[in-house]
Amino acid sequence: MASNGGMEGSMVRHELGRNLTYGLQEVLGRAIIVGDYREKPFPTEAEIVKQHGVSRSVTREAVKMLGAKGLLGARPKQGTFVRPEEAWNLFDTDVLRWLLERQSSIILLRRFNELRIGVEPQAAALAAARATPEQREAIAAGLHRMREAERGFDEPLDADIAFHVAVLRASNNPFFIQFRDMVSTALRTSIRFTNRIAGRTASVGDHALVHDAIVAGDADGASRAMRALIDDVLVLIEQVVAAETP
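Numbering of residues starts from 1 in each chain and follows the order in which that chain's sequence is written. For a predicted model such as this one, the threshold for reporting local features is a pLDDT of at least 70, and the threshold for listing and counting side-chain atom pairs is 80 or more; totals across whole chains, interfaces and linings nevertheless cover every residue. Computation of side-chain values: all heavy atoms of the structure, hydrogens and water removed.

**With respect to the overall build of the protein**
1) Next: On a plain count of helices and strands, the protein comes out with twelve helices and two strands.
2) Next: Put simply, DSSP H or I for four residues or longer makes a helix, DSSP E for two residues or longer makes a strand, and each gets a number counted from the N terminus. Put simply, the protein runs from its N terminus to its C terminus through helices and strands in the order α-α-α-α-β-β-α-α-α-α-α-α-α-α.
3) Next: Counting only residues that meet the buried cut, the protein has 46% of its 246 residues in that class.
4) Next: Only heavy atoms enter the contact rule, under which two residues are in contact if any of them lie within 4.5 Å. Taking as baseline every contact in the protein between residues at least 6 positions apart, the subset at least 24 positions apart corresponds to 69%.
5) Next: Exposure was quantified through the Shrake-Rupley algorithm and a 1.4 Å probe, taking into account, for residues, occlusion by the shown protein chains and nothing else. When the accessible area of the protein is evaluated, it comes to approximately 13,200 Å², of which 52% is carbon and sulfur surface. Here the term buried applies to any residue with accessible area under 20% of the maximum for its type, exposed to any over 50%, and partly exposed to those in between, with areas from a 1.4 Å probe on protein chains only.

**Side note on the pattern of salt bridges**
1) Next: Whenever a carboxyl oxygen of Asp or Glu lies within 4 Å of a side-chain nitrogen of Lys or Arg, that contact is scored as a salt bridge. Scanning all chains against the criterion turns up 14 salt bridges.
2) Next: Residue aspartate 231 is joined to arginine 227 by a salt bridge in which the shortest nitrogen-to-oxygen separation is 3.7 Å. Taken together, the positions of aspartate 231 and arginine 227, both in helix 12 (residues 219-244) and four residues apart, correspond to about one turn of that helix.
3) Next: Given a relative accessible area of 41%, arginine 227 falls into the partly exposed group.
4) Next: Overlapping salt bridges bring together Glu26, Arg30, Lys69, Asp92, Asp94, Arg97 and Glu101 as one network.

**Here's the deal with unusual backbone geometry**
1) Next: A positive phi is found at lysine 77, a non-glycine position, where the angle reads about 70°.
2) Next: Here lysine 77 falls in the exposed class, since its relative accessible area comes to 92%.
3) Next: A positive phi angle, near 55°, is found at asparagine 172, a position not held by glycine.
4) Next: Relative accessible area serves as the criterion here: at 35%, asparagine 172 is assigned to the partly exposed category.

**Examining the packing of aromatic side chains**
1) Next: In summary, the pairing rule links any two rings of Phe, Tyr or Trp, Trp by its six-membered ring, whose centres are within 6.5 Å, and it sorts them by plane angle into stacked for under 30 degrees, edge-to-face for over 60 and tilted for everything else. Tallied over the full model, the rule gives two aromatic pairs.
2) Next: Seen in terms of ring centroids, tyrosine 37 and phenylalanine 42 are 5.1 Å apart; in terms of plane orientation they differ by 70°. Their pairing is edge-to-face. Here the two residues tyrosine 37 and phenylalanine 42 agree in accessibility, since each one is buried.
3) Next: Aromatic pair phenylalanine 91 and phenylalanine 179: ring centres 5.9 Å apart, planes at 70°, arrangement edge-to-face. With a gap of 88 residues between them, phenylalanine 91 in the loop between strand 2 (79-82) and helix 5 (93-100) and phenylalanine 179 in the loop between helix 9 (174-177) and helix 10 (180-198) connect regions that are remote in the sequence.
4) Next: With relative accessibility at 16%, the residue phenylalanine 179 sits in the buried group.

**So, the nonpolar core**
1) Next: Throughout this description, the term nonpolar core refers to a set of buried Ala, Val, Leu, Ile, Met, Phe, Trp, Tyr and Cys residues connected via side-chain atoms within 4.5 Å. Membership of the largest hydrophobic core comes to 44 residues, with the highest contact counts inside it found for Ile32, Phe42 and Leu71.
2) Next: When residues of this core are traced back to their parent elements, those giving at least two are helix 2 (14-34), helix 4 (56-68), helix 5, helix 6 (105-130), helix 8 (156-170), helix 10 and helix 12.
3) Next: Tallying contributions element by element places helix 6 first for this core, with seven residues.
4) Next: Other than its neighbours up to four places away in sequence, phenylalanine 42 contacts Leu28, Ile32, Tyr37, Ile48, Val63, Leu72, Thr80, Phe81 and Val82.

**Looking at the environment of isoleucine 48**
1) Next: With respect to the helices and strands, the residue isoleucine 48 is situated in helix 3 (residues 45-52).
2) Next: Once the C-alpha coordinates of isoleucine 48 and leucine 24 are considered, the two residues, 24 residues apart in sequence, prove to be 9.3 Å apart.
3) Next: Once you skip the residues sitting within four places of it in the chain, isoleucine 48 turns out to touch Leu24, Leu28, Phe42, Pro43, Gly53, Val54, Thr59 and Val63.

**Examining the pairing of strand 1 (residues 72-75)**
1) Next: In the sheet, strand 1 pairs with strand 2 via four bridges, with the strands oriented antiparallel. Of the residues in strand 2, the one forming a bridge with alanine 74 is threonine 80.
2) Next: Here a strand pair is declared whenever DSSP counts at least two bridges between the two strands. Taking the residues that link successive antiparallel strands as the turn, the strand 1-strand 2 hairpin has three residues, and the phi of lysine 77 there is positive, at about 70°.

**Notes on the packing of helix 3 against helix 4**
1) Next: Following both chains from N to C, one finds helix 3 and helix 4 inclined at 115°, their axes separated by 9 Å at the closest point. As summarised for this structure, helix 3 and helix 4 are arranged roughly perpendicular, according to the angle between their axes. For the pair helix 3 and helix 4, the sense of crossing is right-handed. Listed contacts from helix 4 to Glu45, Ala46, Ile48 and Val49 of helix 3 are Arg56, Thr59, Arg60 and Val63.
2) Next: Partitioned by chemical class, the residues of the contact of helix 3 with helix 4 number four nonpolar, one polar and three charged. Working convention: axes come from line fits to C-alpha atoms, limited for helices to the stretch in contact. Angles between N-to-C directions cover 0 to 180 degrees. Throughout this description, any angle smaller than 35 degrees is read as roughly parallel, any larger than 145 degrees as roughly antiparallel, any in the 65 to 115 degree range as roughly perpendicular, and the remainder as oblique. By definition, turning the near helix anticlockwise from the far helix through less than a right angle yields a left-handed crossing, and turning it clockwise yields a right-handed one. Charged residues are taken to be Asp, Glu, Lys and Arg, nonpolar residues to be Ala, Val, Leu, Ile, Met, Phe, Trp, Tyr, Cys and Pro, and polar residues to be all remaining types, Gly included.

Dropping the structure here:
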């Protein structure tokens with residue numbers, strides 16, 4: 001593969017260069033999070049260019065993007081370095097996705113669902129009080145997709161996520177709505193995990209209780225029903241953690 005200006009010069013469209021940048025970001029970001037640079041320094045710009053066959057401009061942009069995610073820092077004379085894990089932006093969907101791919105992701109799943117307990121039941125309560133007719137229809141559409149998925153006519157994971165995102169949107173609280181991308185990203189791992197452990201997909205009936213309470217304007221009922229959904233996930237996770245603990 002050509003490197004430096006040769007590769008970039010052969011790119012006719014800017015978008016192709018952007019794809020290359022995101023591809024490098026993906027490789028480096030995943031390597032950082034799985035711990036490839038825990039015992040060795042992060043490579044220099046020249047080393048990245050040589051190893052991955054990319055231009056310096058692509059390398060700089062990818063490193064800049066990883067810095068914005070809290071993964072990398074830079075100091076004069078020291079160069080670029082991996083920042084401590086507590087500095088990583090867990091609300092960034094790429095960072096969260098890479099973290100969930102690690103072997104220790106079960107603990108992160110527990111922490112993520114603990115966060116959901118603090119957000120989604122309140123979002124459901126707010127939806128019961130504030131949802132517009134169109135937003136109620138979106139929640140109902142998510143529930144309908146889950147029923148169709150049970151019959152094999154929709155994708156269970158996408159249907160489940162659509163329901164939860166619709167509830168967040170129906171809260172009409174911009175801060176809760178901001179959680180939608182993070183919830184979507186983490187639920188893709190969480191739902192696959194819980195479905196595999198439980199041997200079944202999510203309970204449509206339990207989700208229907210959330211929907212019905214929202215439609216009825218029952219804020220307390222919507223909150224309780226949503227909390228029960230997440231509590232069930234946490235119980236499954238705790239069972240696995242207990243089984244894996246020596």
